[in-house]
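Tertiary structure, described
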Amino acid sequence: MAGVSDAELKTMTQEERVTALGMRTEQLTGRSMFIEFDEAAEERFTYPWAPEVDFNKRTEIDTGEMTTTEVNRKIRALMAEGYGTIVLKDPRGKHSVGTGILSRLNLIIEGSIGYFGVGLIDGPNVRITGRVGWSCGENMMSGSVVIEKNAGSTFGAAIRGGDLVCRGSVGSRTGIDMKGGTIIVGGDTGALSGFMMQRGRMVVCGNAGKNLGDSMYDGTIFVGGEIKSLGVDAVEAEKTDLDKAWLTRKLTQYGLIDERGVDHFTKVVSGKMLWNYDNLEPTEKKMIL
Amino acid sequence: MAGTQYRGSEIEDVDQFRKDAKGLASEREKEIGQHIGYRYDVNLVPDYERITPFLKKYIEVMGWDDLNWLEDIHMGYEEGAAAVFDRNINGWVRVPEHIELPDNQQDRDMLARELLVKFQMSDRHPLGTLRKAYSKF
C-alpha cells in the first residue's frame, strides 16, 4: 500500500485500486484486527479528507425550485469552498435533505422537511425550524440535530451517536434499534418507543405510549410523564447521582428543563430476560411454536 | 415469556477483565465457555468533571456543547488487554501495554475517547484505505 501514490490510484479502476491497496489478501480470522493505538499520533480533530470549513463563513440557498439531489450536492460544493454555516430556505418538505454530511458544519433549515431528513450524518450541528417526517436522523453517527416543532414516526431509527432533539412531540417507534447516542423529546412519544434498543439514552419529557422499550437489549430510557405500558423485558430502575447530573446537564443544554428538575423522571432499562435464546425451557418453546 | 434469562456475571472490579481474560464467573458462562454480556458498563454516563484538555478542545472545534458521540465510548477489554471498540472498523483497537491505566473506569473512558479520536482522524485508520478504494465521490 505504501508504494502506491494517490496519483497512481486515480488512474486505476476500482478493481485495480482494491488489489493495489492489499485488500484482496485480508484474512478475516476473527473479530479482532490487532491494531494498536499510536501514542504519538498527531492531534487532529477532523477526518483527513474533511473539508476545512469556517463557521463564520455563512451562505444561504433558496431550495424552493431545487431537487433533493441538487440541494445535497450544493451543500457539499459549498463545504468544499469553506462555508461552515449554510442556511437552507424554503425546503418545501423535501425528503432526504442534508443526508450524508460527514464533517463539521452548521446547517440551518428554515422550514419543514420530509422523510429521512439529515440521516447518515457524522458531525454537523443541524437546526430545523419546522417539522420533520419519518426517520429523521436515521443512522446518525455524531453531531446534533434540533427540531423546533414535531417529528414523525421512527425518529432516530438505528442512531449510533450524537444528540437528536425534538422540542415537540414525536410519533411511534422512536429510536427503534438505536445503538448509541441520545434522543431527546420535549413532548410525548408514541407506542413502541425504544423498540429493540441496544444502547444509548432516550429522554422523553412528556408521556410515553404503550410498550415502551419493548425487547430492549440495553440502553436507558428516561420518561418525565406517564408511561402507558412497558414492553416485554423493559423494567424500571433507580436513577444514580451520575444519571441525574447527566440528565440535568443535557436538558439544560437544550432548554428543556423545568422547575421540577429531573427527580420526577422514571428510568427504564433492560431486564435482560431475553439475552439468551440458546436453551429455551419446554413451556417457553410451546408458547413460541 | 419467550427466551430464558440473563446468566452472565456482573462487573465488580475495574480490573476484572485484565485479571481474568475469559471472565467465566457464572455457571452458565462456565458451561458454554464464553463470557455473556459486555466487558464494560455500556450505560455508564460520563463524569464531566474528569474531562481532559484534549477532549475539551475537540468539543470546541466541532462546535458541540458536550462529548456528543464520545459519551458512548468506554474502555473495554479484549483477551485481557485494554482496548477500545472502533465502530468505523467494527473491531477492537488495543491500548499499548506501556500506557498506564488510571485506577477508575471514568478516567479510563476519557483516555479511551482521546485515543480513539486521534486514531480515527489519522492517516493510518483503515477507513482512509477503504475510502481510497471504494469512494464514489
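All of these numbers come straight from a predicted model, not from anything done at the bench. (Residues numbered from 1 in each chain as written. Chains lettered and ligands numbered in written order. Predicted model: local features only at pLDDT ≥ 70, side-chain atom pairs only at ≥ 80, totals over all residues. Heavy atoms only, no water.)

Turning our attention to the sheet that holds strand E11 (residues 234-237) of chain A. Residues and elements named next belong to chain A. Spatially, 11 strands are ordered E2-E3-E4-E5-E6-E7-E8-E9-E10-E12-E11 in an open sheet, and the strand pairing comes out mixed. Strand pairing shows two members of the sheet lacking a second neighbour, strand E2 (54-62) and E11, which therefore form its edges. Strand-to-strand twist in this sheet, taken as the mean axis angle between neighbours without regard to direction, amounts to 15 degrees. Pairing geometry for strand E6 (residues 142-147) and strand E7 (residues 163-166), over 4 bridges, is parallel. Bridged to Val145 within E7 is Leu164. (Pairing = 2+ DSSP bridges. Helix = DSSP H or I, 4+ residues; strand = E, 2+ residues; numbered from the N terminus. Axes fitted to C-alpha atoms, helices over the stretch in contact; angles between N-to-C directions.)

Glancing now at the environment of Asn72 of chain A. All names here are of chain A. Counting through the fold element by element, Asn72 comes out in helix H3 (residues 68-80). Asn72 sits 30 residues away from Leu102 along the chain, and the two C-alpha atoms are 12 Å apart. For Asn72, the contacting residues outside a window of four places in its chain are Ser96, Val97, Gly98 and Thr99. (Contact = heavy atoms within 4.5 Å.)

Turning our eyes to something else, we now look at the interface of chain B and chain A. Each partner contributes to the interface: chain B provides 71 residues, whereas chain A provides 71 residues. Summed over both partners, the interface of chain B with chain A buries about 6,500 Å², with 56% contributed by carbon and sulfur atoms. On inspection of chain B and its partner chain A, the count reaches 5 salt bridges. Close ionic contact of Lys250 of chain A with Asp66 of chain B constitutes a salt bridge, the shortest N to O distance being 2.4 Å. Inspection of the region where chain B meets chain A yields 29 residue pairs in polar contact (both at pLDDT 80 or more). Residue assignment for the side of chain B that touches chain A shows that the elements contributing at least two residues are helix H3 (53-62), strand E3 (91-94), helix H4 (105-120) and helix H5 (126-134) of chain B. Counting residues per element, the side of chain B that touches chain A draws most heavily on H5 of chain B, at 9 residues. The residue makeup of the side of chain B that touches chain A, split by class, is 35 nonpolar, 17 polar and 19 charged. Two strands pair when backbone bridges link them, and strand E1 (residues 35-36) of chain A and E3 of chain B are joined in this way by 2 bridges, in the parallel orientation. Within E3 of chain B, the position partnered with Glu36 of chain A by the bridge is Arg94 of chain B. (Buried area = accessible area lost by both parts, 1.4 Å probe. Salt bridge = Lys/Arg side-chain N within 4 Å of Asp/Glu carboxyl O. Polar contact = N/O pair within 3.5 Å; in protein donor to acceptor, adjacent residues only side chain to side chain. Nonpolar A, V, L, I, M, F, W, Y, C, P; charged D, E, K, R; others polar.)

All names here are of chain B. Strand direction decides the pairing type here: strand E2 (residues 81-86) and E3, joined by 4 bridges, are antiparallel. Of the residues in E3, the one forming a bridge with Val84 is Val93. Taking the residues between adjacent antiparallel strands as the criterion, E2 and E3 are bridged by 4 residues, where Asn90 takes a positive phi near 55 degrees.

Residues and elements named next belong to chain A. Position of Ser103 among the secondary structure elements: in the loop between strand E3 (83-89) and strand E4 (106-110). Judged by relative accessible area, which is 6%, Ser103 ranks as buried. With residues near it in sequence (within four places) discarded, Ser103 still touches Ala50, Pro51, Met79, Asp122, Gly123 and Pro124. (Buried < 20%, exposed > 50% of the residue type's maximum accessible area, 1.4 Å probe, protein only.)

The next thing to look at is the confidence of the model for chain B. Predicted coordinates in areas of low pLDDT are best not read in detail. Overall, the predicted model of chain B reaches an average pLDDT of 91, with 96% of residues at or above 70. The ipTM, which scores confidence in the relative placement of chains, is 0.95 for this predicted complex, and the corresponding pTM is 0.91. (pLDDT = per-residue confidence, 0-100.)

Here, the residues flagged by UniProt with the feature "domain: Glutamate synthase alpha subunit C-terminal" (unreviewed entry) are residues 72-229 of chain A. Its end C-alpha atoms 40 Å apart, residues 72-229 of chain A is made of 6% helix and 29% strand. (UniProt positions renumbered as here; feature names shortened; annotations may be inferred.)

To continue, consider unusual backbone geometry. Residue and element names in this part refer to chain A. Look at Asp90: it is not a glycine, yet its phi comes out positive at around 55 degrees. Mapping Asp90 onto the fold places it in the loop between E3 and E4. The backbone of Arg92 shows a phi angle near 50 degrees, a positive value even though the residue is not glycine. Relative to the helices and strands, Arg92 is located in the loop between E3 and E4. For Arg92, a relative accessible area of 54% translates into the label exposed.

Turning to the domain arrangement of chain B, a few remarks are in order. All names here are of chain B. Segmentation of chain B into domains returns domain 1 (7-40) and domain 2 (45-124). Relative to domain 2, the C-alpha centre of domain 1 lies at a distance of 23 Å. Residue-level contacts link 7 residues of domain 1 with 12 residues of domain 2. Here domain 1 meets domain 2 over a buried area of about 810 Å², counting both sides, of which 62% is carbon and sulfur. When residues of domain 1 are sorted by the area they lose upon contact with domain 2, Val14, Arg18 and Tyr40 head the list and together hold 71% of the total. The interface formed by domain 1 and domain 2 includes 1 salt bridge. Arg108 serves as the salt-bridge partner of Asp15, at 2.9 Å between the closest nitrogen and oxygen. Connecting domain 1 to domain 2 are 3 residue pairs in polar contact (both at pLDDT 80 or more). (Domains from an automatic or database assignment.)

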